[in-house]
Amino acid sequence: STTASTKLSAMAGARTVVELTDVQQCTYFDFIRSLGNPTCLHLVYFGSTRVPFVTEMSLNGLYPLIDRLVGGAGEDSAYPLRPLTHLEQPLARFVLTRLLEELRQAWGGLPHAHFEVGESEHNPLLMQVFDAKDTVIVLSLQLTLGQSGGTFQLCLPTVAFPETPVSYTHLP
């Protein structure tokens, strides 16, 4: 997405690219099982009916971005594999809010298209928002900052989106 890439580049002070790489349908259990531990998960509510969904930002893409936000080079190749600290969590939420704002604009034709970020979690097994057998749609985006990169995923419940799911994959 050109607009999301531009906004993240300005925020990070470095060229950042955001690309939609995959759209797949699977069970919530399969989605959760596919994630690393630790990772950066957020519960997000969509629209006036507060439909819940889950976002995941991989730490290998998030740490360089956080590093840039606090004045670092964002180029360390040895970021720790650990949950975000209490200082890093608000920065991750800040990044998520910016990405969701771009998604809101892309989905602007939908009535009441707005997001509310809820709780966060680092262990995927503790983010039990849906039943394990529920069918979900996972939008996967690749975030690249310099030589670093990671994924940003949105896990959407199919029952909440009666229209064709492909219409939700449009990013500006």
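Above this text sits the structure in question.
Residues numbered from 1 in each chain as written. Predicted model: local features only at pLDDT ≥ 70, side-chain atom pairs only at ≥ 80, totals over all residues. Heavy atoms only, no water.

A. Local environment of helix α3 (residues 59-69). Those residues of α3 lying buried are L59, G61, L62, Y63, P64, L65 and I66. Once α3 finishes, G71 follows within two positions and takes phi at roughly 100°, a positive value. (Buried < 20%, exposed > 50% of the residue type's maximum accessible area, 1.4 Å probe, protein only. Helix = DSSP H or I, 4+ residues; strand = E, 2+ residues; numbered from the N terminus.)

B. Examining the environment of R93 more closely. Relative to the helices and strands, R93 resides in helix α4 (residues 88-106). Relative accessible area serves as the criterion here: at 34%, R93 is assigned to the partly exposed category. If we ignore the near neighbours within four places in the chain, the residues touching R93 are H42, V117 and G118. (Contact = heavy atoms within 4.5 Å.)

C. Structural view of the packing of aromatic side chains. Inspection of the entire model under this criterion finds four aromatic pairs. With 5.2 Å between their ring centres and 50° between their planes, F46 and F115 make a pair best called tilted. Residue F46 is found in strand β2 (residues 40-46), and its partner F115 is found in strand β4 (residues 115-121); the two are separated by 69 residues along the sequence. Accessibility classification places F46 together with F115 in one group, the buried group. Cluster of aromatic residues (ring-pair linked, three or more members): Y28, F31 and F130. Here R50 stacks its cationic end above the ring of Y45, 4.0 Å away from the centre of that ring. (Phe/Tyr/Trp six-rings, centres within 6.5 Å; stacked < 30°, edge-to-face > 60°. Lys NZ or Arg CZ within 6 Å of the ring centre and 35° of its normal.)

D. Local environment of the nonpolar core. Grouped together as the largest cluster of nonpolar side chains are 34 residues, with contacts concentrated most on M57, L100 and L154. The set of elements that each furnish at least two residues to this core consists of α1 (2-12), β2, β3 (51-57), α3, α4, β4, β5 (135-145) and β6 (148-157). What M57 contacts, discounting residues up to four positions off in sequence, is T39, C40, H42, L62, A92, V95, L96, L99, T151 and F152. The next biggest cluster of nonpolar side chains, apart from the first, holds 13 residues, and it includes F31, V54, M127 and V136. (Core = buried A, V, L, I, M, F, W, Y, C linked by side-chain atoms within 4.5 Å.)

E. View of the sheet that holds β2. Reading across from one edge, β1-β5-β6-β3-β2-β4 is the order of the six strands in this open sheet, with antiparallel pairing throughout. At either margin of the open sheet sits one strand with a lone partner, and together these are β1 (16-27) and β4. Averaged over all pairs of adjacent strands, the angle between strand axes in this sheet comes to 20°, irrespective of strand direction. Here β2 runs beside β4; their pairing, made up of five bridges, is antiparallel. What sits directly across from L41, in β4, is E121. Packed on one face of the sheet, α3 meets β2, β3, β5 and β6 and runs near 115° to β6. Contacting β2, β3, β4, β5 and β6, α4 crosses the sheet at an angle of about 145° to β4. (Pairing = 2+ DSSP bridges. Axes fitted to C-alpha atoms, helices over the stretch in contact; angles between N-to-C directions.)

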